[in-house]
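Residue-level structural notes
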Amino acid sequence: MFKRILAAVDGSKTSLKALDKAIELQKLIPDAEIYILCVYKHHSLFEASLSIGRPDDMDIPDKVLSEYAKGVVNHAKELAKEHGATKVRGFVKAGRPSKVIVKFAQDKEADLIVVGTKGTNSDKDGTFLGSVSHRVASQAKCPVLVV
């Protein structure tokens, strides 16, 4: 069945609900591994050039975003272990979230991707899916569970 479950998290409530589902599945399949992935959007030099103030160190935005993503992953790993998950690994990647999630799933040969319906940057307009979950569900080569 599922040996590698990829749970994409961004710190939002829906992504943590998705993580809960991944944990529930792992309890049903004890040999399964959970890969927790947080993707931050790379802050390009072009975007930095459009800002009013220009920092001395152009890597600062990426460092801040990377550190935030590491914190999200560490928190998710702690939650997973508190809820009984056994085999949990965390990863942080930069890039466009939907593309990175799909590519990561392929590279790690994930059998299932679990994502929340909407993330931290979603509109609150009542649409069913956020753009990332929609793209992941339509582009992934493996099954996707949207929570």
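You'll find the protein chain entered in an unreviewed UniProt entry as Nucleotide-binding universal stress UspA family protein, with Marinobacter nauticus given as the organism.

A separate point is helix 4 (residues 97-107). The α-helix winds at 3.6 residues per turn, so residues separated by three or four positions along the chain end up facing the same way. Taken residue by residue, helix 4 has Ser98, Val100, Ile101, Val102, Phe104 and Ala105 as its buried positions. Buried residues belonging to helix 4 abut strand 1 (4-8), strand 2 (33-40), strand 3 (88-94), strand 4 (112-115) and helix 5 (131-139). Looking one or two places after helix 4, you find Glu109, whose phi comes out positive at around 55°.

Moving on, we come to the packing of helix 4 against helix 5. One way to put it is that helix 4 packs onto helix 5 with a least axis distance of 9 Å and a crossing angle of 35°. In terms of crossing hand, the pair formed by helix 4 and helix 5 is right-handed. Across the interface between the two elements, Pro97, Ser98, Ile101 and Val102 of helix 4 pack against Val132, Arg135, Val136 and Gln139 of helix 5.

Below, the discussion takes up the packing of aromatic side chains. Applying the stated criterion across every chain, the model contains 3 aromatic pairs. Taking 5.6 Å as the distance between ring centres and 80° as the angle between the ring planes, the aromatic pair formed by Tyr35 and Phe91 counts as edge-to-face. Taken together, the positions of Tyr35 in strand 2 and Phe91 in strand 3 put the pair 56 residues apart, joining distant regions of the chain. Look at Tyr35 and you get buried, because its relative accessible area is 5%. Looking at Phe91, the relative accessible area reads 14%, which means it is buried. With 6.4 Å between their ring centres and 85° between their planes, Tyr35 and Phe104 make a pair best called edge-to-face.

Taken in spatial order, the 5 strands line up as 3-2-1-4-5 in an open sheet, and their pairing is parallel. The strands lining the two open edges of the sheet, one partner per strand, are strand 3 and strand 5 (144-146). Along the sheet, successive strands turn relative to each other by an average axial angle of 25°, direction set aside. Summarising the sheet, strand 2 and strand 3 pair through 7 bridges and their orientation is parallel.

Within the fold, Phe104 resides in helix 4. Of the residues examined, Phe104 reaches a relative accessible area of 5% and is grouped as buried. Along the backbone, Phe104 and Tyr35 are 69 residues apart, and their C-alpha atoms lie at a distance of 9.9 Å.

Criteria and thresholds
Residues numbered from 1 in each chain as written. Predicted model: local features only at pLDDT ≥ 70, side-chain atom pairs only at ≥ 80, totals over all residues. Heavy atoms only, no water. Buried < 20%, exposed > 50% of the residue type's maximum accessible area, 1.4 Å probe, protein only. Helix = DSSP H or I, 4+ residues; strand = E, 2+ residues; numbered from the N terminus. Contact = heavy atoms within 4.5 Å. Axes fitted to C-alpha atoms, helices over the stretch in contact; angles between N-to-C directions. Left-handed = near helix turned anticlockwise from the far one by under 90°. Phe/Tyr/Trp six-rings, centres within 6.5 Å; stacked < 30°, edge-to-face > 60°. Pairing = 2+ DSSP bridges.

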